[in-house]
Amino acid sequence: MAPVNASTPRAMPRALDAVLTRVDQHRAHVARAYAAATVLFTLAALLLLWRAYHLHDVLRAALGVTLIGVALGLAYESHALRVGGSSPSDPTIAQVVDRALRRHPHTGLLVLVAIMALAGALVVHFTSLQAYHPWVLGVAVGAYVAGAAAATASAARGRGPLVD
Amino acid sequence: MTSLAAGVAAVSTFDRASAVVFGGLAAFLLAVAALIILRAWQARNALPASLGVISTGLAGALVYETAVLWTGSGPTISRITALQFQDHVWAWLATLTAIMLGVGALVAGFVWRPRHPWRQAWPLVAATALSVVGGGQLAHVAGWLP
């Protein structure tokens, strides 16, 4: 019979506390990063809207409004992470997307494939004034896969987005 | 001269047809954005509101494209970006790389699972990466150029 370690029952909660503290610290850190990005995007949007107003430029105004939308999403994410992402009324964006992908995996896959195909088409469309540059598409795909690899590796080490 | 005039007329007709398509898309996107913002307002939820505002911004860009194609005055969005790419290749590539790195990280993050991180994420990442290549090739083969 294996010897019973008397300290185990007390050591377990302490280890759990340490893990939870680390998770909380990670969440707080990411929430601060999202808050900083919100401020940055808002400032960029206001600058664009101000220039659009003076130049009567619809395109700058459209970009400014889009950036305001992105900043709003980042602000939401920062708030959701600050409250812990555990409140049913304030799930993180990753949790919302994860839930949608679990409920409708095929629709989710189709939507993502369509969006990324459009992105690839636009990359070619936006760079082919005089000639077709397939290497630009290669750079785009390489960066996309590298971003996915970095995020997955980071998540696997326990420092990534906390979906579950 | 007759063939040149016919070519110009054909391009003009093509631009007008494109303008109608972009205009229809802009109207649809604006309607969707208004609906999303209304529902977000009722639910007091910032997340759908942000999606609605982003859709409004994209609709604004489509309105610009429609106006340019319909009137023939000013450069199209693709012309602006293509000229920027020609003049500032490295800055353009750096921006594209940063965007695609972020998109890749987001997609992988959305499907990440603690128990099987690689197995869960990679089929989706591979499918979407292939669709980027497919979309680009389709745009090239179909002659969808500025």
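None of these values were measured; they are calculated from a predicted model.

(A) Broad picture of the nonpolar core. The biggest cluster of nonpolar side chains holds 35 residues, and the ones touching the most others in it are Val136 and Tyr144 of chain A together with Leu96 and Met100 of chain B. Per-element accounting of this core gives the leading share, 8 residues, to helix 5 (residues 134-156) of chain A. Excluding its chain neighbours within four sequence positions, the residues that come into contact with Met100 of chain B are Met116, Ala140, Ala143 and Tyr144 of chain A together with Val132 of chain B.

(B) Representation of a nonpolar patch on the surface in the model. Residues Val58 of chain A together with Leu30 and Val63 of chain B make up a contiguous nonpolar surface patch of about 220 Å² in total accessible area. Among the secondary structure elements, Val63 of chain B is positioned in helix 2 (residues 46-71).

(C) Structural context of the pattern of salt bridges. All names here are of chain A. Inspection of every chain in the model, using the stated rule, returns 1 salt bridge over all chains. Arg60 serves as the salt-bridge partner of Asp57, at 2.8 Å between the closest nitrogen and oxygen. Exposure remark for Arg60: the relative accessible area of 27% places this residue in the partly exposed category.

(D) Quick look at the interface of chain B and chain A. Each side of the interface is counted separately: chain B has 60 residues, and chain A has 57 residues. Contact between chain B and chain A buries roughly 5200 Å² in total, counting both sides, with carbon and sulfur atoms accounting for 81%. Run the count over chain B and chain A and you get 0 salt bridges. Applying the counting rule to chain B against chain A returns 4 residue pairs in polar contact (both at pLDDT 80 or more). Contributing elements (two or more residues each) for the side of chain B that touches chain A: helix 2, helix 3 (77-87), helix 4 (89-111) and helix 5 (117-141) of chain B. Sorting elements by how many residues they give to the side of chain B that touches chain A places helix 5 of chain B first, with 17 residues.

Quick notes on the rules
Counting starts from 1 at the beginning of each chain's written sequence and moves along it residue by residue. Each chain takes a letter, starting from A, and each ligand takes a number, starting from 1, following the order in which they are written. Given that the model is predicted, a residue must reach a pLDDT of at least 70 before its local features are reported, and side-chain atom pairs must reach 80 or more before they are shown or counted; all residues, however, enter totals for whole chains, interfaces and linings. With hydrogens and water set aside, each side-chain value is computed from the structure's full complement of heavy atoms. We define the nonpolar core as a collection of buried residues of types Ala, Val, Leu, Ile, Met, Phe, Trp, Tyr and Cys that are connected through side-chain atoms lying within 4.5 Å of one another. Burial classes follow relative accessibility: with a 1.4 Å probe on protein chains only, a residue under 20% of its type's maximum area counts as buried, one over 50% as exposed, and anything between as partly exposed. Where helices and strands are cited, they refer to DSSP runs of H or I of at least four residues and of E of at least two residues respectively, numbered from the N terminus. Whether two residues are in contact is decided by their heavy atoms: any pair within 4.5 Å suffices. Surface patches are drawn from residues lacking salt bridges whose relative accessible area is over 30%; two like charges belong together within 9 Å, two nonpolar side chains (Val, Leu, Ile, Met, Phe, Trp, Tyr) within 5 Å. Computed with a 1.4 Å probe, the accessible areas rest on the Shrake-Rupley method; for each residue, only the protein chains presented here act as cover. The salt bridge definition used is simple: a Lys or Arg side-chain nitrogen within 4 Å of an Asp or Glu carboxyl oxygen. Put simply, buried area is the surface a 1.4 Å probe can reach on two separate parts but cannot reach once they are joined, added for both. The definition of a polar contact used here is a pair of N or O atoms within 3.5 Å, where within protein one atom must be able to donate a hydrogen and the other to accept one, and adjacent residues in sequence count solely through side-chain atom pairs.

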